[in-house]
Amino acid sequence: SDAVVAMNYSTQTHRREIPLDFEHIYTAIQFKAGFDCTVEGISINGIRKGGDYVIGSGWKLDSQTHDYSMDIPSGGLAVTKDGSIGETLLLIPQEIDDDAAEIVVTYKENGASVTLRAGLDGVEWKRGKKITYTLLKESDKKYIYMDLAAGNVTVTGKKYSGYVFVNGVARP
């Protein structure tokens, strides 16, 4: 489920229309597959676990971090190219400033388990935004791609620069 809040600071509310601006207070995190595969597990490690949402101020996060594992059926989840992997996660918006924070994806390839890691240090999950992480491979390279909504990508004309994580190493 999601939480949506609305605020109105008008003091004259009796028998009048009150305009309300609704906004999502979480960040939607989605995973996709860039090729046919069987995903065995996805975890997001070292993220803020909880906090309080204060209307008008935003999130006040706890300092405690948490490792989150997506619910994947035993035996894995078969996913086709461009298919979503599991459900969209609604997580607390945050600026991640921990070298230990990472995404870990394990999938099967030719009967063997392959594990990919993407560091999250320096990533910002903004309130009300959706970020999609896509599992990709090109010949012998396998990586997790962070889409433009992640906030670490600059678009200039026909080019863009940002982070692509190849075997756990951030590359522009």
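For the structure itself, look to the data block above.
The paragraphs below set out a description of the structure included in this document. (Residues numbered from 1 in each chain as written. Predicted model: local features only at pLDDT ≥ 70, side-chain atom pairs only at ≥ 80, totals over all residues. Heavy atoms only, no water.)

Remarks on the pattern of salt bridges
Condition: In the sections that follow, a salt bridge refers to a side-chain nitrogen of Lys or Arg positioned within 4 Å of a carboxyl oxygen of Asp or Glu. In this description a helix means any DSSP run of H or I spanning at least four residues, a strand means any run of E spanning at least two, and both kinds are numbered starting from the N terminus. Classification of residues uses two cut-offs on accessible area relative to the type maximum, computed with a 1.4 Å probe and protein chains only: under 20% is buried, over 50% is exposed, and between them is partly exposed.
Per the counting criterion, the structure on display carries two salt bridges. A salt bridge links E40 to K108; the shortest N-O distance between them is 3.9 Å. A residue pair is termed long-range when its members are at least 10 positions apart, and E40 in strand β4 (residues 37-48) and K108 in strand β11 (residues 102-109) qualify at 68 residues. With its nearest N and O atoms 2.8 Å apart, the salt bridge here joins E102 to R117. Pair noted here: E102 is in strand β11 and R117 is in strand β12 (residues 112-119), with a separation of 15 residues, a long-range link. A relative accessible area of 18% means that E102 is categorised as buried.

Quick word on unusual backbone geometry
Positive phi, normally seen in glycine, also occurs at D82, with a value near 70°. By the element assignment, D82 lies in the loop between β8 (77-79) and β9 (89-91). The residue N110 is not glycine, and still its phi comes out positive at about 50°. Tracing the backbone shows N110 in the loop between β11 and β12.

A word on the packing of aromatic side chains
The following threshold applies: Stacked, edge-to-face and tilted labels apply to pairs of Phe, Tyr and Trp rings (six-membered ring for Trp) whose centres lie within 6.5 Å, assigned for plane angles under 30 degrees, over 60, and everything in between, in that order.
With the rule as written, the count across this model stands at four aromatic pairs. Ring geometry for Y26 against W59: centres 5.5 Å apart, planes inclined by 50°, an arrangement best described as tilted. Pair noted here: Y26 is in the loop between β2 (21-24) and β3 (27-33) and W59 is in strand β6 (residues 58-61), with a separation of 33 residues, a long-range link. The class for Y26 is partly exposed, based on a relative accessible area of 22%. On the basis of relative accessibility, which here comes to 18%, the residue W59 falls in the buried class.

Describing a negative patch on the surface
Heads up, the condition is: The patches reported here contain residues having more than 30% relative accessible area and no salt bridge. Joining distances are 9 Å for like charges and 5 Å for nonpolar side chains (Val, Leu, Ile, Met, Phe, Trp, Tyr). Calculation of accessible area relied on Shrake-Rupley with a 1.4 Å probe; when residues are assessed, cover is drawn exclusively from the protein chains displayed. Positive charges are assigned to Lys and Arg, negative charges to Asp and Glu, while His and the chain termini are left out of the count. By convention, the point assigned to a charge is CZ for Arg, NZ for Lys, CD for Glu and CG for Asp.
Taken together, the side chains of E95, D97, D99, D121 and E124 define an acidic patch exposed on the protein surface. Turning to its location among the elements, D121 is positioned in the loop between β12 and β13 (124-125). For D121, a relative accessible area of 38% gives the class partly exposed.

A closer look at the side chain of N45
For clarity, the threshold we go by: In what follows, residue pairs with any heavy atoms lying within 4.5 Å of each other are defined as contacts.
Summarising the element assignment, N45 is placed in strand β4. When neighbours within four sequence positions are excluded, N45 is seen to be in contact with H66, D67, Y68, A100, A101, E102 and V104.

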